[in-house]
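Commentary on secondary and tertiary structure
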Amino acid sequence: MKTFQITLLKGDGIGPEIVDQAVKVLNKTAEKFHFSVTYDEALLGGAAIDATGQALPSETVEKCKASDAVLLGAVGGPKWDSLPGNQRPEAGLLGIRGALGLFANLRPAVIFEALKEASPIKPEIIGDALDIMVVRELTGGIYFGQRGRDTKDGVESAYDTERYSVPEVERIARIGFEMASKRNKKLCSVDKANVLESSRLWRATVARIGEEYPDVELTNMYVDNCAMQLVRNPKQFDVILTSNIFGDILSDEASMISGSIGMLASASLGKNQFGLYEPIHGSAPDIAGTGLANPLATILSVAMMLKYTLNIPEAAQAIEDAVAKALTKARTADIHTEGMKKVTCEEMGDLVCELL
Ligand code: IPM
Ligand code: MG
């Protein structure tokens, strides 16, 4: 029997409770599809700061590197908000992405049939289905560029730098084109090339890589227009390829179109099959421990792990199907509608297991 080693980074806020539900679902899936999983936990974010003084202890990086895949909850919270930027929980998250070389972030925005009415977008705009894949560059750009503060003539300033090298754009563009060629063969590269030099280099590089993929239709869109088009006509998109910061913003927007940010999974991939899987939502400290959290984005992240790292696509499909069924039977608070049974985070985890 195949055994996989998974490192769990539960993190802060609702992180531990959503990861626990996802682990339960992964264990049930393993039983059903005849593989086994061993787990090791490591500290990240605020939990790591409290225990070790560092948001990303080196032991965490070692444990992640030694595993087949990583499952992450979420990091951050008001408790650590006053720390300097480079010591915040979020710095630990960026640190682990960087340390593991996870440059490609896949964020699928799909709408489940049962959740159509939860979308703030009119049903006639959504149509039968919505299936957008946001491919976000994850280890470059302004998140990792030079930053600092200085004071000149008594006036304090702060700066962050957006910088992309050609190889960085090339490798994420290839991921985008590969993804599009397996889907509806449409890639929309999103930038701000009417203003930013880094975007002009991005656009030219994507166009050049596009020549290797003649079957994929490449379009370019400015990010402000894309933010508008996502609401006006989301169905026009298949794969959206974009930079770190634009991807951060647009993926939150795309998630809401699909009903709730509590539903969206993500995969962060490096050069080989290794990946880190996490919901795109945050640690929601205000609802931690109340049972209000929605574990489905983390459960769907496990499905992505089965697809992209563990290579058991039929198990991934089984989880997605079980989630779709669960949504017809019960809802967590964030996606609850009148007449539907309301369940806690744990009850939702149990329901998905039952339906597997
Ligand atoms: C995300 C989050 C992170 C990001 C934060 C928590 C640093 O918003 O994964 O989208 O900006 O990448
Ligand atoms: Mg974000």
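Heads up: these notes are all about the structure in this document. (Residues numbered from 1 in each chain as written. Chains lettered and ligands numbered in written order. Predicted model: local features only at pLDDT ≥ 70, side-chain atom pairs only at ≥ 80, totals over all residues. Heavy atoms only, no water.)

**A short note on the pattern of salt bridges**
Under the definition given, this model contains 20 salt bridges. Residue Arg88 is joined to Glu90 by a salt bridge in which the shortest nitrogen-to-oxygen separation is 3.2 Å. For Arg88, a relative accessible area of 22% puts it in the partly exposed group. (Salt bridge = Lys/Arg side-chain N within 4 Å of Asp/Glu carboxyl O. Buried < 20%, exposed > 50% of the residue type's maximum accessible area, 1.4 Å probe, protein only.)

**So, the site of ligand 1**
The local shell around ligand 1 consists of Glu90, Leu93, Arg97, Arg107, Arg136, Tyr143 and Asp248. Within the contact set of ligand 1, an oxygen atom lies 2.9 Å away from a side-chain nitrogen or oxygen of Arg136. Contacts to ligand 1 include Asp248, whose side-chain N or O atom sits 2.9 Å from an oxygen atom. Protein chains bury 78% of the 320 Å² of accessible surface belonging to ligand 1 in isolation. Sorting elements by how many residues they give to the shell around ligand 1 places helix α4 (residues 89–99) first, with 3 residues. Of the residues that constitute the shell around ligand 1, the class distribution is 2 nonpolar, no polar and 5 charged. (Near = heavy atom within 4 Å. Polar contact = N/O pair within 3.5 Å; in protein donor to acceptor, adjacent residues only side chain to side chain. Areas by Shrake-Rupley, 256 points an atom, 1.4 Å probe, with all protein chains shown as cover. Helix = DSSP H or I, 4+ residues; strand = E, 2+ residues; numbered from the N terminus. Nonpolar A, V, L, I, M, F, W, Y, C, P; charged D, E, K, R; others polar.)

**Remarks on the packing of aromatic side chains**
As enumerated under the stated definition, the model contains 3 aromatic pairs in all. Seen in terms of ring centroids, Tyr164 and Trp202 are 5.3 Å apart; in terms of plane orientation they differ by 65°. Their pairing is edge-to-face. Of this pair, Tyr164 sits in the loop between β7 (155–160) and α6 (166–182) while Trp202 is found in helix α7 (residues 197–210), placing the two residues 38 residues apart along the sequence. Across this residue pair, the class does not change: Tyr164 and Trp202 are buried. Judged by centre distance (5.1 Å) and plane angle (10°), the ring pair of Phe177 and Tyr213 falls under stacked. Here the residue Phe177 occupies a position in helix α6, and Tyr213 occupies one in the loop between α7 and β9 (217–222), the gap between them amounting to 36 residues. As far as the burial class goes, Phe177 and Tyr213 line up, both buried. The cationic tip of Arg136 hangs over the ring face of Tyr143; the distance from NZ or CZ to the ring centre is 5.2 Å. The ring of Phe103 carries Arg171 above its face, with NZ or CZ at 4.2 Å from the centroid. (Phe/Tyr/Trp six-rings, centres within 6.5 Å; stacked < 30°, edge-to-face > 60°. Lys NZ or Arg CZ within 6 Å of the ring centre and 35° of its normal.)

**Overview of the packing of helix α10 (residues 296–308) against helix α11 (residues 313–329)**
Following both chains from N to C, one finds α10 and α11 inclined at 160°, their axes separated by 7 Å at the closest point. When the interaxial angle is binned, α10 and α11 end up roughly antiparallel. In the packing of α10 onto α11, the handedness of the crossing is left-handed. Mapping the contact onto sequence places Leu296, Ile299, Leu300, Val302, Ala303, Leu306 and Lys307 in α10 and Pro313, Ala315, Ala316, Ile319, Glu320, Val323 and Leu327 in α11. For the contact of α10 with α11, a count of residues per class yields 12 nonpolar, no polar and 2 charged. (Axes fitted to C-alpha atoms, helices over the stretch in contact; angles between N-to-C directions. Parallel < 35°, antiparallel > 145°, perpendicular 65-115°, else oblique. Left-handed = near helix turned anticlockwise from the far one by under 90°. Contact = heavy atoms within 4.5 Å.)

**What to know about the environment of Gly101**
Along the polypeptide, Gly101 turns up in the loop between α4 and β4 (104–110). Residue Gly101 is classed as partly exposed on the basis of its relative accessible area of 32%. Taking the C-alpha atoms as reference points, Gly101 and Met263, 162 residues apart in sequence, are found 26 Å from one another. Sequence-distant contacts of Gly101, defined by excluding residues within four places in its chain, comprise Leu269 and Gly270.

**Observations concerning the sheet that holds strand β5 (residues 131–137)**
Pairing within the open sheet is mixed, and its 10 strands lie in the order β2-β1-β3-β12-β11-β4-β5-β10-β8-β9. The sheet is open, and its two edges are formed by β2 (35–41) and β9, each paired on a single side. Strand-to-strand, the axes of this sheet are offset by a mean angle of 25°, without reference to chain direction. Pairing analysis gives 5 bridges linking strand β11 (residues 265–269) to strand β12 (residues 275–279), with the strands arranged antiparallel. Residue pairing for β12: Ser268 is matched across the bridge by Leu276. Against the sheet, helix α1 (residues 15–33) engages β1 (2–11), β2, β3 (69–74) and β12, with an angle of about 160° to β2. Along the sheet, helix α9 (residues 244–257) makes contact with β4, β5, β8 (186–191) and β10 (239–242), crossing β5 at roughly 155°. (Pairing = 2+ DSSP bridges.)

**Here's the deal with the nonpolar core**
Across soluble globular proteins, nonpolar side chains have a tendency to be buried as a group. Judged by nonpolar contacts, the single largest core of 90 residues is most densely connected at Leu71, Met263, Leu306 and Val323. The dominant element in this core, judged by the number of residues it contributes, is α10, at 9 residues. Those residues within four positions of Leu71 in sequence are excluded, and the remaining contacts are Ile6, Thr7, Leu8, Leu9, Val19, Ala22, Val23, Tyr277, Thr298, Ser301, Val302 and Met305. Grouped together as the second largest cluster of nonpolar side chains are 14 residues, Val70, Val75, Leu93 and Leu102 included. (Core = buried A, V, L, I, M, F, W, Y, C linked by side-chain atoms within 4.5 Å.)

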